[in-house]
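Structure assessment
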Amino acid sequence: MKQTFVLDFSLRSLIPYAHDYRHGEHEQWHTHPCDQLIHTLSGVIRVETAQGTWVVPPARGVWIPAHVSHALHIDGDVQARGVFVQPLARADLPVVCQVVRISELLRALIVNALDLPEAYQAGTRAERIYELILDEIRLMNTLPFCLPEPSSPRLKQLCDAVRATPAGAWTLENAARQVSMSGRTLSRHFYQQTGLQFSEWVRRARLLVALTRLARGEPVTQVALDSGYANPSAFSAMFRRVMGVPPGDYFTP
(Lines give C-alpha, C1' and ligand atoms only; values in the text may rest on other atoms or scores of the structure.)
Protein backbone atom coordinates (compact mmCIF):
# COMPACT_ATOMS: atom_id res chain seq x y z
CA MET A 1 0.00 0.00 0.00
CA LYS A 2 1.46 3.36 -1.05
CA GLN A 3 1.46 6.19 1.46
CA THR A 4 1.76 9.90 0.69
CA PHE A 5 3.40 12.28 3.16
CA VAL A 6 2.25 15.90 3.36
CA LEU A 7 4.72 18.65 4.34
CA ASP A 8 4.17 22.35 5.07
CA PHE A 9 6.30 24.74 2.99
CA SER A 10 4.37 27.88 3.91
CA LEU A 11 7.28 29.33 5.94
CA ARG A 12 10.33 28.06 4.02
CA SER A 13 11.21 26.37 0.74
CA LEU A 14 13.07 23.45 2.31
CA ILE A 15 12.71 21.39 5.47
CA PRO A 16 15.84 19.77 7.00
CA TYR A 17 15.52 16.51 8.91
CA ALA A 18 17.59 13.90 10.77
CA HIS A 19 16.64 10.26 11.23
CA ASP A 20 18.61 7.24 12.46
CA TYR A 21 17.75 3.72 11.27
CA ARG A 22 18.70 0.36 12.74
CA HIS A 23 20.03 -2.43 10.57
CA GLY A 24 17.25 -4.33 8.82
CA GLU A 25 14.64 -1.58 9.03
CA HIS A 26 12.70 -0.54 5.95
CA GLU A 27 10.15 2.03 4.85
CA GLN A 28 7.21 0.83 2.79
CA TRP A 29 6.41 2.26 -0.62
CA HIS A 30 5.47 5.92 -0.31
CA THR A 31 5.69 9.27 -2.10
CA HIS A 32 6.33 12.90 -1.18
CA PRO A 33 4.73 15.92 -2.88
CA CYS A 34 8.21 17.46 -2.84
CA ASP A 35 11.79 16.62 -3.77
CA GLN A 36 13.94 14.82 -1.19
CA LEU A 37 17.69 14.62 -0.59
CA ILE A 38 18.87 11.86 1.76
CA HIS A 39 22.49 11.97 2.94
CA THR A 40 23.97 9.00 4.82
CA LEU A 41 26.63 9.48 7.48
CA SER A 42 26.92 5.73 8.09
CA GLY A 43 25.49 2.48 6.77
CA VAL A 44 23.86 1.87 3.39
CA ILE A 45 20.38 2.76 2.14
CA ARG A 46 18.90 0.90 -0.82
CA VAL A 47 16.20 2.90 -2.58
CA GLU A 48 13.79 0.98 -4.81
CA THR A 49 11.63 2.60 -7.49
CA ALA A 50 9.79 1.25 -10.50
CA GLN A 51 12.62 2.57 -12.70
CA GLY A 52 15.49 0.93 -10.83
CA THR A 53 17.45 0.55 -7.62
CA TRP A 54 19.79 3.13 -6.09
CA VAL A 55 22.32 2.11 -3.43
CA VAL A 56 23.57 4.93 -1.20
CA PRO A 57 26.86 4.22 0.62
CA PRO A 58 28.17 6.35 3.48
CA ALA A 59 29.06 10.00 2.76
CA ARG A 60 26.91 9.96 -0.38
CA GLY A 61 23.33 10.99 -0.98
CA VAL A 62 20.30 10.18 -3.11
CA TRP A 63 18.00 12.67 -4.79
CA ILE A 64 14.36 11.58 -5.12
CA PRO A 65 12.10 13.88 -7.16
CA ALA A 66 8.57 14.71 -6.09
CA HIS A 67 5.85 12.07 -6.60
CA VAL A 68 8.31 9.21 -7.29
CA SER A 69 7.08 6.16 -5.40
CA HIS A 70 9.93 4.53 -3.49
CA ALA A 71 10.81 2.15 -0.66
CA LEU A 72 13.88 2.23 1.60
CA HIS A 73 15.91 -0.75 2.87
CA ILE A 74 18.59 -0.33 5.54
CA ASP A 75 21.89 -2.21 5.78
CA GLY A 76 24.01 -1.44 8.82
CA ASP A 77 23.08 1.27 11.29
CA VAL A 78 22.28 4.35 9.21
CA GLN A 79 22.51 7.97 10.28
CA ALA A 80 20.51 9.89 7.69
CA ARG A 81 20.43 13.65 7.29
CA GLY A 82 18.69 15.51 4.51
CA VAL A 83 16.16 18.02 3.26
CA PHE A 84 12.71 18.04 1.73
CA VAL A 85 12.63 20.66 -1.02
CA GLN A 86 9.66 22.49 -2.48
CA PRO A 87 9.70 21.55 -6.19
CA LEU A 88 9.46 25.19 -7.32
CA ALA A 89 12.26 26.38 -5.02
CA ARG A 90 14.58 26.48 -8.06
CA ALA A 91 13.84 26.01 -11.73
CA ASP A 92 16.77 23.67 -12.44
CA LEU A 93 16.60 21.06 -9.67
CA PRO A 94 17.24 17.42 -10.76
CA VAL A 95 14.20 15.70 -12.26
CA VAL A 96 15.30 12.04 -11.98
CA CYS A 97 16.51 9.84 -9.14
CA GLN A 98 20.28 9.84 -8.77
CA VAL A 99 22.98 8.98 -6.26
CA VAL A 100 25.11 12.07 -5.71
CA ARG A 101 28.34 13.23 -4.14
CA ILE A 102 27.74 15.36 -1.03
CA SER A 103 30.29 18.12 -0.62
CA GLU A 104 31.66 18.94 2.82
CA LEU A 105 29.99 22.34 2.53
CA LEU A 106 26.56 20.85 1.77
CA ARG A 107 26.94 18.34 4.61
CA ALA A 108 27.75 21.15 7.07
CA LEU A 109 24.91 23.33 5.79
CA ILE A 110 22.34 20.56 6.28
CA VAL A 111 23.54 19.92 9.84
CA ASN A 112 23.38 23.66 10.61
CA ALA A 113 19.91 23.95 9.09
CA LEU A 114 18.54 21.44 11.62
CA ASP A 115 18.78 24.17 14.28
CA LEU A 116 17.35 27.02 12.21
CA PRO A 117 13.88 28.48 12.89
CA GLU A 118 11.05 27.67 10.51
CA ALA A 119 10.17 31.36 10.17
CA TYR A 120 12.95 33.84 9.36
CA GLN A 121 13.46 37.35 8.04
CA ALA A 122 14.89 38.24 4.63
CA GLY A 123 18.61 38.91 4.67
CA THR A 124 19.29 36.88 7.82
CA ARG A 125 21.79 34.07 8.33
CA ALA A 126 18.95 31.53 8.20
CA GLU A 127 17.87 32.70 4.76
CA ARG A 128 21.45 32.61 3.47
CA ILE A 129 21.95 29.03 4.70
CA TYR A 130 18.71 27.84 3.11
CA GLU A 131 19.58 29.54 -0.18
CA LEU A 132 23.13 28.18 -0.16
CA ILE A 133 21.80 24.65 0.34
CA LEU A 134 19.75 25.09 -2.83
CA ASP A 135 22.83 26.40 -4.66
CA GLU A 136 24.88 23.38 -3.57
CA ILE A 137 22.13 20.93 -4.60
CA ARG A 138 22.33 22.30 -8.15
CA LEU A 139 26.08 21.50 -8.21
CA MET A 140 25.88 17.88 -6.99
CA ASN A 141 27.78 15.34 -9.12
CA THR A 142 25.99 12.14 -10.10
CA LEU A 143 27.60 8.81 -9.11
CA PRO A 144 27.20 5.38 -10.82
CA PHE A 145 25.36 3.62 -7.98
CA CYS A 146 22.16 3.00 -9.91
CA LEU A 147 20.85 -0.27 -11.30
CA PRO A 148 18.22 0.70 -13.90
CA GLU A 149 15.44 -1.83 -14.28
CA PRO A 150 14.61 -3.17 -17.78
CA SER A 151 10.97 -3.23 -18.85
CA SER A 152 10.97 -6.69 -20.46
CA PRO A 153 9.88 -9.53 -18.12
CA ARG A 154 12.63 -11.77 -19.51
CA LEU A 155 15.32 -9.19 -18.88
CA LYS A 156 13.93 -8.43 -15.42
CA GLN A 157 14.19 -12.12 -14.60
CA LEU A 158 17.78 -12.11 -15.85
CA CYS A 159 18.65 -9.11 -13.67
CA ASP A 160 17.10 -10.78 -10.62
CA ALA A 161 19.28 -13.82 -11.29
CA VAL A 162 22.43 -11.67 -11.46
CA ARG A 163 21.59 -9.97 -8.15
CA ALA A 164 20.85 -13.34 -6.53
CA THR A 165 24.11 -14.97 -7.73
CA PRO A 166 26.60 -12.18 -8.50
CA ALA A 167 29.51 -14.67 -8.53
CA GLY A 168 28.04 -16.45 -11.55
CA ALA A 169 29.79 -16.49 -14.92
CA TRP A 170 27.67 -13.67 -16.31
CA THR A 171 29.17 -13.33 -19.77
CA LEU A 172 26.95 -11.97 -22.52
CA GLU A 173 26.86 -15.38 -24.17
CA ASN A 174 25.85 -17.22 -20.99
CA ALA A 175 23.18 -14.64 -20.21
CA ALA A 176 21.84 -14.79 -23.77
CA ARG A 177 21.39 -18.55 -23.54
CA GLN A 178 19.47 -18.14 -20.30
CA VAL A 179 16.91 -15.84 -21.94
CA SER A 180 16.90 -17.70 -25.29
CA MET A 181 18.35 -14.81 -27.32
CA SER A 182 21.44 -14.28 -29.38
CA GLY A 183 24.18 -12.27 -27.74
CA ARG A 184 23.69 -9.44 -30.21
CA THR A 185 19.92 -9.31 -29.58
CA LEU A 186 20.37 -9.34 -25.81
CA SER A 187 22.99 -6.60 -25.99
CA ARG A 188 20.74 -4.39 -28.12
CA HIS A 189 17.59 -4.84 -26.02
CA PHE A 190 19.44 -4.51 -22.73
CA TYR A 191 21.03 -1.22 -23.74
CA GLN A 192 17.75 0.12 -25.13
CA GLN A 193 15.93 -0.61 -21.85
CA THR A 194 18.60 0.32 -19.29
CA GLY A 195 21.06 2.65 -21.01
CA LEU A 196 23.90 0.32 -19.91
CA GLN A 197 25.83 -2.45 -21.58
CA PHE A 198 25.11 -5.79 -19.91
CA SER A 199 28.73 -6.14 -18.69
CA GLU A 200 28.57 -2.70 -17.01
CA TRP A 201 25.23 -3.57 -15.39
CA VAL A 202 26.76 -6.76 -13.96
CA ARG A 203 29.80 -4.84 -12.66
CA ARG A 204 27.54 -2.34 -10.90
CA ALA A 205 25.31 -5.09 -9.50
CA ARG A 206 28.33 -6.84 -8.00
CA LEU A 207 29.61 -3.62 -6.43
CA LEU A 208 26.24 -2.66 -4.96
CA VAL A 209 25.62 -6.13 -3.53
CA ALA A 210 29.13 -6.00 -2.03
CA LEU A 211 28.46 -2.59 -0.46
CA THR A 212 25.36 -3.82 1.34
CA ARG A 213 27.19 -6.89 2.66
CA LEU A 214 30.21 -4.88 3.83
CA ALA A 215 27.82 -2.54 5.65
CA ARG A 216 26.63 -5.56 7.64
CA GLY A 217 30.21 -6.22 8.76
CA GLU A 218 30.85 -9.29 6.59
CA PRO A 219 34.54 -10.17 5.87
CA VAL A 220 36.06 -8.55 2.79
CA THR A 221 37.52 -11.84 1.53
CA GLN A 222 34.18 -13.63 1.58
CA VAL A 223 32.38 -10.69 -0.02
CA ALA A 224 35.03 -10.52 -2.76
CA LEU A 225 34.72 -14.20 -3.65
CA ASP A 226 30.92 -14.15 -3.49
CA SER A 227 30.92 -11.12 -5.80
CA GLY A 228 32.62 -13.02 -8.61
CA TYR A 229 36.21 -11.85 -8.12
CA ALA A 230 39.05 -14.36 -8.42
CA ASN A 231 40.75 -13.06 -5.29
CA PRO A 232 40.42 -10.28 -2.69
CA SER A 233 43.20 -8.25 -4.36
CA ALA A 234 41.23 -7.90 -7.59
CA PHE A 235 38.14 -6.87 -5.63
CA SER A 236 40.11 -4.36 -3.55
CA ALA A 237 41.62 -2.80 -6.68
CA MET A 238 38.15 -2.34 -8.20
CA PHE A 239 36.75 -0.99 -4.93
CA ARG A 240 39.59 1.51 -4.50
CA ARG A 241 39.20 2.68 -8.10
CA VAL A 242 35.46 3.37 -7.67
CA MET A 243 35.23 4.38 -3.99
CA GLY A 244 38.66 5.98 -3.46
CA VAL A 245 39.62 3.79 -0.47
CA PRO A 246 40.12 0.03 0.08
CA PRO A 247 37.04 -1.91 1.26
CA GLY A 248 38.52 -2.55 4.70
CA ASP A 249 38.68 1.19 5.36
CA TYR A 250 35.42 2.33 3.82
CA PHE A 251 33.12 1.48 6.73
CA THR A 252 35.65 2.33 9.45
CA PRO A 253 34.34 5.26 11.54
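Here, the structure is the one placed above.
Positions within a chain are numbered from 1, following the residues in the order the chain's sequence is written. Per-residue local features of the predicted model are confined to residues with pLDDT of at least 70, and side-chain atom pairs are confined, for both listing and counting, to 80 or more; whole-chain, interface and lining totals are unaffected and use all residues. For the side-chain quantities, the full set of heavy atoms in the structure was used; hydrogens and water were omitted.

**Observations concerning the packing of helix α1 (residues 104–113) against helix α2 (residues 125–138)**
- Axis lines are fitted to C-alpha atoms, over the contacting stretch for helices. Their N-to-C directions set the angle, which ranges from 0 to 180 degrees. The numbering of helices and of strands both runs from the N terminus, where a helix is a DSSP run of H or I of at least 4 residues and a strand a run of E of at least 2. Interhelical geometry of α1 versus α2 gives an angle of 140° and a closest axis separation of 10 Å. Taken as axis vectors, α1 and α2 run oblique relative to one another. With respect to the hand of their crossing, α1 and α2 are arranged in left-handed fashion. Across the interface between the two elements, Leu 105, Leu 106, Leu 109, Ile 110, Asn 112 and Ala 113 of α1 pack against Arg 125, Ile 129, Tyr 130, Leu 132, Ile 133 and Glu 136 of α2.
- Here the residues of the contact of α1 with α2 are counted per class, giving nine nonpolar, one polar and two charged. With respect to orientation, any angle under 35 degrees is reported as roughly parallel, any angle over 145 as roughly antiparallel, any angle of 65 to 115 as roughly perpendicular, and every other angle as oblique. Put simply, a crossing is left-handed when the front helix is turned counterclockwise from the back one by less than a right angle, and right-handed when it is turned clockwise. Contact definition: two residues touch when any of their heavy atoms are within 4.5 Å. Put simply, Ala, Val, Leu, Ile, Met, Phe, Trp, Tyr, Cys and Pro go in the nonpolar bin, Asp, Glu, Lys and Arg in the charged bin, and everything else, Gly too, in the polar bin.

**Re the pairing of strand β6 (residues 60–64)**
- Counting buried positions along β6 gives five out of five residues, so the element sits mostly inside the fold.
- Of the two faces of β6, the one lined by Arg 60, Val 62 and Ile 64 and the one lined by Gly 61 and Trp 63 are each fully buried.
- A pair of strands is considered paired only if DSSP assigns at least 2 bridges between the two. As defined by bridge partners, strand β4 (residues 35–48) adjoins β6 across four bridges and the pair is classed as antiparallel. Note on β6: the bridge partner recorded for Ile 38 is Val 62.
- Inspection of the sheet shows β6 paired to strand β8 (residues 98–101) by four bridges, in the antiparallel sense. Each residue of the ladder has a partner; that of Gly 61, found in β8, is Val 100. For every residue, the accessible area (1.4 Å probe, protein chains only) is compared with the maximum for its type, and the residue is labelled buried under 20%, exposed over 50%, or partly exposed between those bounds.

**Digging into the pattern of salt bridges**
- Definition used for salt bridges: Asp or Glu carboxyl oxygen within 4 Å of a side-chain nitrogen of Lys or Arg. Taken as a whole and assessed by the stated rule, the structure comprises 15 salt bridges.
- Asp 20 serves as the salt-bridge partner of Arg 81, at 3.1 Å between the closest nitrogen and oxygen. One end of the pair, Arg 81, is in strand β7 (residues 70–85); the other, Asp 20, is in strand β2 (residues 14–21), and 61 residues separate them in sequence.
- Judged by its relative accessible area of 46%, Asp 20 falls in the partly exposed class.
- One salt bridge in this structure joins Glu 200 and Arg 203, with 2.9 Å as the shortest N-O distance. You can see Glu 200 and its partner Arg 203 sitting in helix α6 (residues 198–215), three residues apart, about one turn around the helix.
- According to the relative accessible area criterion, Glu 200 is partly exposed, its value standing at 24%.
- Owing to a relative accessible area of 24%, Arg 203 belongs among the partly exposed residues under this scheme.

**Points about the side chain of Gln 36**
- Tracing the chain through its elements places Gln 36 in strand β4.
- Counting of polar contacts relies on pairs of N or O atoms within 3.5 Å, with two restrictions inside protein: one atom must be capable of donating a hydrogen and the other of accepting it, and residues adjacent in sequence are counted only when both atoms are side-chain atoms. Polar side-chain contacts of Gln 36 include one of 3.1 Å to the side chain of Tyr 17.
- The contacts of Gln 36, once residues within four sequence positions are left out, are Tyr 17, Val 62, Trp 63, Ile 64, His 70, Val 83 and Phe 84.

**Details of the nonpolar core**
- Only buried Ala, Val, Leu, Ile, Met, Phe, Trp, Tyr and Cys residues count toward a nonpolar core, and they belong to the same one when joined by side-chain atoms within 4.5 Å. Core analysis: the biggest nonpolar cluster contains 57 residues, and Ile 45, Leu 186, Phe 235 and Phe 239 have the highest contact counts within it.
- Discounting residues that sit within four places of it in the chain, Ile 45 has contacts with Ile 38, Thr 40, Trp 54, Val 55, Val 56, Leu 72, His 73, Ile 74, Val 78 and Ala 80.

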